Amino acid sequence: MSYLVSTSPHLSTPKTTKNIMRDVFIALIPTTIASMFIFGFYPILICLLSTTSAVLAEFLFNKMRKQDVTIGDWSAAVTGLLLGLNLPPVVPFYVPIVGSFFAIWVVKCLFGGLGKNFANPAITARIFLVLSWGTLMTTYVEPIDLSKGFMEMFKYFPVSMTAESIQTVAGATPIANLGFKAGQTITSVDNLSLFLGTTAGSAGEVSALALLIGAVYLFVRKVIKPTIPVIYILTVGLLTMAIKGDASYFLPSILSGGLMIGAIFMATDYTTSPNTKLGQIIYALMLGILTTMFRLYSTLPEGVSFAILLMNICTPLIDKWTIPHPFGYKRPVKEKNKKEKEVA
């Protein structure tokens, strides 16, 4: 008789990194398609550039470091697509390229690769781009009018090549006009438009319907659990409503901005979110509180990106406080001393 001796873990699962990342990529397809019908073909070009650049960046890093090529696990493709969907529909072509290389080289590969990054690469790259090109990253356009014919799908190609031309079609994102800031009151808002995505905003964040379709797919495939997204989104809605003292703020606060895409696709990142149930609840609650505080009291109209980055950094501490001891529990000092005295 022979025995097979191997190191842990000893439990196996049919799920692999490749399968999980491929499911996430598939879940992003509805919002990618929605962005095309809302803003035309230019956002699709941006997504192609960001996705291709991310895959190329990881391939080049692997080759330069003489490592096994890891682009087959789909993680770089997911990072690139997520970044592209988090960009305004009318950024110059070089913005997604720079952002993708930053996400892969600086945030992911320099920290050891997949599973070792300290923060979500896509969200960190978006913040880097906001700090680098603030005006471009906060410039939004109105949806196209398909009733004008097929050529409307190419409407933003002529104005997306330079920063100067982009300013000619610039418009404010709805979240900047909703009256979230302290002392402001809610203005006219169409919740149906926010739900369907027929409004200005980043390419992949505007359609809550498309994002929810992707979320349902991930829930059914058991890629993510509802804990973090649901608590995060409800916390933002309820806290905003409580602070403003007006129930009409609930729906606009959860349907506008990058809350949906952040809660579903980036806050749930395996590597940068807590492992325990209690830790995930704390993490999601803090995300909701931080996002609301940024929205209401900071100079930025949106706070999802910064909230997720800050809580990614706090994740190791949350895990440290909430992961149970592997064998039983740690006896309190007083109880331990009492037992020792009884034995003596």
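These lines cover the structure that appears in this document, whether it is placed above or below. (Residues numbered from 1 in each chain as written. Predicted model: local features only at pLDDT ≥ 70, side-chain atom pairs only at ≥ 80, totals over all residues. Heavy atoms only, no water.)

## Description of the overall build of the chain
Phase 1: Within the chain, the secondary structure is distributed over 16 helices and 0 strands.
Phase 2: Surface summary for the chain: the accessible area is close to 17300 Å², and the carbon and sulfur share equals 68%. (Helix = DSSP H or I, 4+ residues; strand = E, 2+ residues; numbered from the N terminus. Areas by Shrake-Rupley, 256 points an atom, 1.4 Å probe, with all protein chains shown as cover.)

## Re the layout of surface pockets
Phase 1: Computed from the structure, the largest pocket encloses a volume of approximately 440 Å³.
Phase 2: For the largest pocket, the lining is made up of 25 residues, of which Met21, Leu114, Asp269, Tyr270 and Thr271 are closest to its centre.
Phase 3: For the lining of the largest pocket, the elements supplying multiple residues, two or more each, are α1 (17-27), α4 (75-85), α6 (121-132) and α13 (259-266).
Phase 4: Classifying every residue of the lining of the largest pocket gives 14 nonpolar, 9 polar and 2 charged. (1 Å grid on protein atoms, 1.4 Å probe; cavity = no way out; pocket = protein on both sides within 12 Å on 5 of 7 lines; lining within 4 Å. Points joined across faces, edges and corners; volume = space filled by probe spheres on them. Nonpolar A, V, L, I, M, F, W, Y, C, P; charged D, E, K, R; others polar.)

## Details of the packing of helix α10 (residues 208-220) against α13
A packed helix pair is summarised by two numbers, namely the angle formed by the two axes and the spacing between the axes.
Phase 1: Two numbers describe how α10 lies on α13: the axes approach to 10 Å, and their chain directions differ by 15 degrees. It follows from the interaxial angle that α10 and α13 lie roughly parallel. Considering the relative orientation of α10 and α13, their crossing is left-handed. Here Ala208, Leu211, Leu212, Gly214, Ala215 and Leu218 of α10 come into contact with α13, specifically with Met260, Ile261, Ile264 and Phe265.
Phase 2: When its residues are assigned to classes, the contact of α10 with α13 shows 9 nonpolar, 1 polar and no charged. (Axes fitted to C-alpha atoms, helices over the stretch in contact; angles between N-to-C directions. Parallel < 35°, antiparallel > 145°, perpendicular 65-115°, else oblique. Left-handed = near helix turned anticlockwise from the far one by under 90°. Contact = heavy atoms within 4.5 Å.)

## Looking at the pattern of salt bridges
Phase 1: This structure, assessed with the given rule, holds 4 salt bridges.
Phase 2: A salt bridge links Arg221 to Asp23; its shortest N-O distance comes to 3.1 Å. Note that Arg221 is positioned in the loop between α10 and α11 (227-244) and Asp23 in helix α1, a separation of 198 residues in sequence.
Phase 3: Classification of Arg221 by relative accessible area gives partly exposed; the value is 44%.
Phase 4: On the basis of relative accessible area, Asp23 is assigned to the buried category, the value being 6%.
Phase 5: The salt bridge involving Arg295 is made with Glu302; its shortest N-O contact spans 3.0 Å. For the pair Arg295 and Glu302, one class covers both residues: buried. (Salt bridge = Lys/Arg side-chain N within 4 Å of Asp/Glu carboxyl O. Buried < 20%, exposed > 50% of the residue type's maximum accessible area, 1.4 Å probe, protein only.)

## A word on the nonpolar core
Phase 1: Within the largest apolar cluster, 43 residues are counted, with the highest numbers of intra-cluster contacts made by Leu82, Leu218, Tyr232, Ile264, Phe265, Leu287 and Ile308.
Phase 2: Per element, the largest residue contribution to this core is 7 residues, and it comes from α13.
Phase 3: Sequence-distant contacts of Leu218, defined by excluding residues within four places in its chain, comprise Asp23, Val24, Ala27, Val223, Ile224, Ile264 and Phe265.
Phase 4: Ranked by size, the runner-up nonpolar core spans 14 residues in total, among them Ile46, Leu83, Phe102 and Leu129. (Core = buried A, V, L, I, M, F, W, Y, C linked by side-chain atoms within 4.5 Å.)

## A closer look at the packing of aromatic side chains
Phase 1: In this structure the tally under the stated criterion is 12 aromatic pairs.
Phase 2: Here the aromatic rings of Phe101 and Trp105 are separated by 5.0 Å at their centres, their planes lie at 90 degrees, and the arrangement is edge-to-face. Taken together, the residues Phe101 and Trp105, both in helix α5 (residues 94-108) and 4 residues apart, mark about one turn of the helix.
Phase 3: A relative accessible area of 30% places Trp105 in the partly exposed class. (Phe/Tyr/Trp six-rings, centres within 6.5 Å; stacked < 30°, edge-to-face > 60°.)

## Some details on a nonpolar patch on the surface
Phase 1: A grouping of Leu56, Phe59, Leu60, Met64, Val69 and Ile71 is seen on the molecular surface, where their side chains present a nonpolar patch of about 460 Å² in accessible area.
Phase 2: Relative to the helices and strands, Leu56 is located in helix α3 (residues 42-64). (Patch = residues over 30% accessible without salt bridge, like charges linked within 9 Å, V, L, I, M, F, W, Y side chains within 5 Å.)

## Digging into α6
Phase 1: Here α6 contains 12 residues, and its C-alpha end-to-end distance of 16 Å stays within 8% of the 16 Å for a straight helix at 1.5 Å per residue.
Phase 2: With 9 of 12 residues buried, α6 is to be regarded as a mostly interior element.
Phase 3: Among the residues making up α6, those that are buried are Pro121, Ala122, Ile123, Thr124, Ala125, Arg126, Ile127, Leu129 and Val130.
Phase 4: Where α6 is buried, its residues meet α4, α5, α7 (134-137), α13 and α15 (304-322).
Phase 5: For α6, the N-terminal cap is Asn120; the gap from its side-chain oxygen to the backbone nitrogen of Ala122 is 3.1 Å. (Expected span 1.5 Å × (residues − 1). Polar contact = N/O pair within 3.5 Å; in protein donor to acceptor, adjacent residues only side chain to side chain.)

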